[in-house]
Every structure is written in C-alpha cells, then in structure tokens.
Amino acid sequence: MEKAAQTMIDNLYKNTGKTLEQWIAIVKAQNIAKHGEIMKFLKEEHGHSHGFANLIAHKAKGSDAGSAENQDDLIVKQYKGKEHFKPIYDKLISEIKGFGDDVEIAPKNTYVSLRRKKQFALLNPATKTRYEIGINLKGQEPKGKLEAEKPNAMCSHKINLADINDIDNEVLGWIKMAYENAG
C-alpha cells in the first residue's frame, strides 16, 4: 500500500475514532452509488475533509489504485476512447521522471497522481478534447497557461492541453516548480 494512503488511514482513526472498515460499512449502509454523492454525505453528515472523504469513497467503491489488480490496467482504462491523448501522458511522464528519482507515479481510476513527499500534480485525460494537468502551487498567481482551479479541488491550479505540441517549457516549468515545492 502507498505510504501516503496508509498514513491517511492511520490519521482517519486518530481523528474520528473509527477505522476505515467502519467508515466503509457506514457508507455501504447508505446504499449510495456515486463517488461524488458518497463524498457529499461524508463531508456534510460527518464533517470529513475532502481528503478523508475521497479516501473512504474510493475504498468503499474499490476504485482506488490500491484496489486494482494491475496498475497498467488503470492507465489503459483512462485512455479508452481518448487514445490520442496517450502520447501526451507518455511525454509528460518521461519529462517528469527527469526531475528526480523520487517521483512516485500512482495511477488511479480516472487520473494519475504524481507525488514526492506530497502530491504535486495530476495527469488527467478529462474529456475527448481536453487533457488536464492539475498542479499544486498554493499562493501562486495564475498566469500564462496556469489557471486557478475551483475552490476545494485536489489541486490549486490546472493547465489545459489539447495536443502534444502544447507541452512546452512553460508547462514543464510549472510542473517542475510544483515538484520542487513538494519535496
């Protein structure tokens, strides 16, 4: 199991007095099908933070990377119907691995999380026409290709790409800054 996920699970018990298994049982008893609805329930009814609600929702649905048999299958699934974006992913991963040997690549169901000591970016083939890079750069003024993300999102900023040629020094510079801040 990912070290960060285990830390969150440990902190979940410390903060709530309930284990992950107990929270999963609470969620399953509600018979809620959608991830977003589970998160809303946990945040509104139990006062969970976004991070804890997301962890519990993924574990309850078995949709987190830790529940997947094969991490590569998650990548294949993400790009099904969006195969034209796979070269963007491959180029970004190749460039990001060059930042240092401490980059953790953690595929999830719909995106790939990039971590150092903490998450610094997300790679997400969001739609058939938009590839999104979520970036954590709290306090950074949005400028150029760097846009502010909506409040309470998993990242503070995002960059939208439509094509592999959109990956330039500016894009890689923002990702590298987030990587450096996460160490």
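Notes on the structure follow. Model, not experiment: these values are computed from the prediction.

1. Regarding the pairing of strand β1 (residues 104–107)
Looking at chain direction, β1 and strand β2 (residues 112–115) are connected through four bridges and run antiparallel. In the sheet register, P107 faces β2, and the bridge partner there is V112. Between β1 and the antiparallel strand that follows it, β2, lie four residues.

2. Points about the pattern of salt bridges
A complete count under the given rule lists five salt bridges for this structure. K91 is the partner of E95 in a salt bridge, and the nearest nitrogen-oxygen pair spans 4.0 Å. Of this pair, E95 and K91 are both found in helix α6 (residues 86–97), four residues apart, which corresponds to roughly one turn of the helix. Its salt-bridge partner being R130, residue E132 comes within 2.9 Å of it at the nearest N-O pair. On the basis of relative accessible area, E132 is assigned to the buried category, the value being 14%.

3. So, the nonpolar core
Core analysis: the biggest nonpolar cluster contains 30 residues, and L92, F120, Y131 and I133 have the highest contact counts within it. Put simply, the parts of the chain that give this core at least two residues each are α6, β2, β3 (119–124), β4 (131–135), β6 (157–161) and α7 (169–181). Aside from chain neighbours lying at most four places away, what touches Y131 is Y79, F85, I88, Y89, L92, L123, N124, P125, A126, I159, N160 and L161. By size, the runner-up hydrophobic cluster in this structure holds 16 residues, among which are L12, L20, L42 and F52.

Here is what the cut-offs are and how they apply
- Residues numbered from 1 in each chain as written.
- Predicted model: local features only at pLDDT ≥ 70, side-chain atom pairs only at ≥ 80, totals over all residues.
- Heavy atoms only, no water.
- Pairing = 2+ DSSP bridges.
- Helix = DSSP H or I, 4+ residues; strand = E, 2+ residues; numbered from the N terminus.
- Salt bridge = Lys/Arg side-chain N within 4 Å of Asp/Glu carboxyl O.
- Buried < 20%, exposed > 50% of the residue type's maximum accessible area, 1.4 Å probe, protein only.
- Core = buried A, V, L, I, M, F, W, Y, C linked by side-chain atoms within 4.5 Å.
- Contact = heavy atoms within 4.5 Å.

Function-wise, these values are silent; they only describe arrangement.
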